[in-house]
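Listed below are the residues making up each chain.
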Amino acid sequence: KLMLSKGDMLLFCIYFFLIVQVLPRNLYMNGNALWDKSKKWFVIEAICNLVLNIFLGKAFGVTGVLIASNITIFLFNFLGRNRVVFEYYFGKEKKHDYYRAYFKYCAVMSFVIAVSNVMEEVLKFKIILLTLLVVLLSGIMLLCVSYALLFEKSDELLKVKKMFLK
């Protein structure tokens, strides 16, 4: 039996996804000395995280703490600090293209996660590692096919095709 529910495990996955997906942005922010311009977002995130953790943690336990952390990371770390990077480095006109592509990537990831979850429920092999291997490999294949179909005519995919077909 698991210590946490499947919902809590999903919230942990979302938490780690949110933390990892801001790392490239942090390189631009730190490499261009934008910390000073974004420090208010650090403070706001910390205060809101603390307040939400107290209220949601008391109301829902671990689930509330995970929800509070995910909300504050998305609103203040992702949206808030992205605003600074686009305002002072990339330019505001590129922001919409970035978010459009980002949410396409998120849609593909959500689809693959949902299919993988259903497959894991259906494929209950006696050997757990076999189930994990089948779900992992099919998830990777589905991810590649989904990205290829969704971004078939995008500039990014055309650049990658040129790079590999030289």
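Quick look at the structure, then. If you're wondering where the values come from, they're calculated on a predicted model, not measured in any experiment.

Re the pattern of salt bridges
One pass over the structure, following the stated rule, counts 3 salt bridges. A salt bridge links Glu45 to Arg81; the shortest N-O distance between them is 2.3 Å. You can see Glu45 sitting in helix H3 (residues 35–60) and its partner Arg81 sitting in helix H4 (residues 62–90), a full 36 residues away along the chain. A relative accessible area of 13% means that Glu45 is categorised as buried.

Focus: the side chain of Ser138
If you trace the backbone, Ser138 turns up in helix H6 (residues 128–150). Assessed through its relative accessible area of 17%, Ser138 is described here as buried. Reaching out from Ser138, the side chain makes a polar contact with the backbone oxygen of Val134 at a distance of 2.8 Å.

Side note on the packing of H4 against helix H5 (residues 95–122)
Between H4 and H5, the least distance of the axes is 11 Å, while the angle of their chain directions is 145 degrees. Regarding H4 and H5, the two cross each other, and that crossing is right-handed. Residues Phe74, Phe78, Leu79, Asn82 and Phe86 of H4 form the contact with H5, whose own contacting residues are Lys95, Tyr98, Tyr99, Tyr102 and Phe103.

Remarks on the environment of Ala101
Relative to the helices and strands, Ala101 resides in helix H5. Residue class for Ala101 comes out partly exposed when judged on its relative accessible area of 21%. Placed 62 residues apart in sequence, Ala101 and Lys39 show a C-alpha to C-alpha distance of 27 Å.

Points about the packing of aromatic side chains
Enumeration according to the criterion identifies 18 aromatic pairs in this entry. Aromatic side chains Phe12 and Phe16 sit 6.3 Å apart centroid to centroid with 20 degrees between the ring planes, which places their arrangement in the stacked category. Separated by 4 residues within a single helix, Phe12 and Phe16 lie in helix H1 (residues 6–21), roughly one turn from each other. Accessibility expressed as a relative area gives 28% for Phe12, which makes it partly exposed. Residue Phe16 is classed as partly exposed on the basis of its relative accessible area of 49%. Pairwise contacts between aromatic rings join Tyr28, Phe74, Phe78, Phe86, Tyr89, Phe90, Tyr98, Tyr99, Tyr102 and Phe103 into one cluster. Sitting over the ring of Tyr88, Lys37 keeps its end group 5.0 Å from the ring centre. The aromatic ring of Phe42 is capped on one face by Arg81, whose charged end is 3.7 Å from the ring centroid.

Procedures and definitions
Residues numbered from 1 in each chain as written. Predicted model: local features only at pLDDT ≥ 70, side-chain atom pairs only at ≥ 80, totals over all residues. Heavy atoms only, no water. Salt bridge = Lys/Arg side-chain N within 4 Å of Asp/Glu carboxyl O. Helix = DSSP H or I, 4+ residues; strand = E, 2+ residues; numbered from the N terminus. Buried < 20%, exposed > 50% of the residue type's maximum accessible area, 1.4 Å probe, protein only. Polar contact = N/O pair within 3.5 Å; in protein donor to acceptor, adjacent residues only side chain to side chain. Axes fitted to C-alpha atoms, helices over the stretch in contact; angles between N-to-C directions. Left-handed = near helix turned anticlockwise from the far one by under 90°. Contact = heavy atoms within 4.5 Å. Phe/Tyr/Trp six-rings, centres within 6.5 Å; stacked < 30°, edge-to-face > 60°. Lys NZ or Arg CZ within 6 Å of the ring centre and 35° of its normal.

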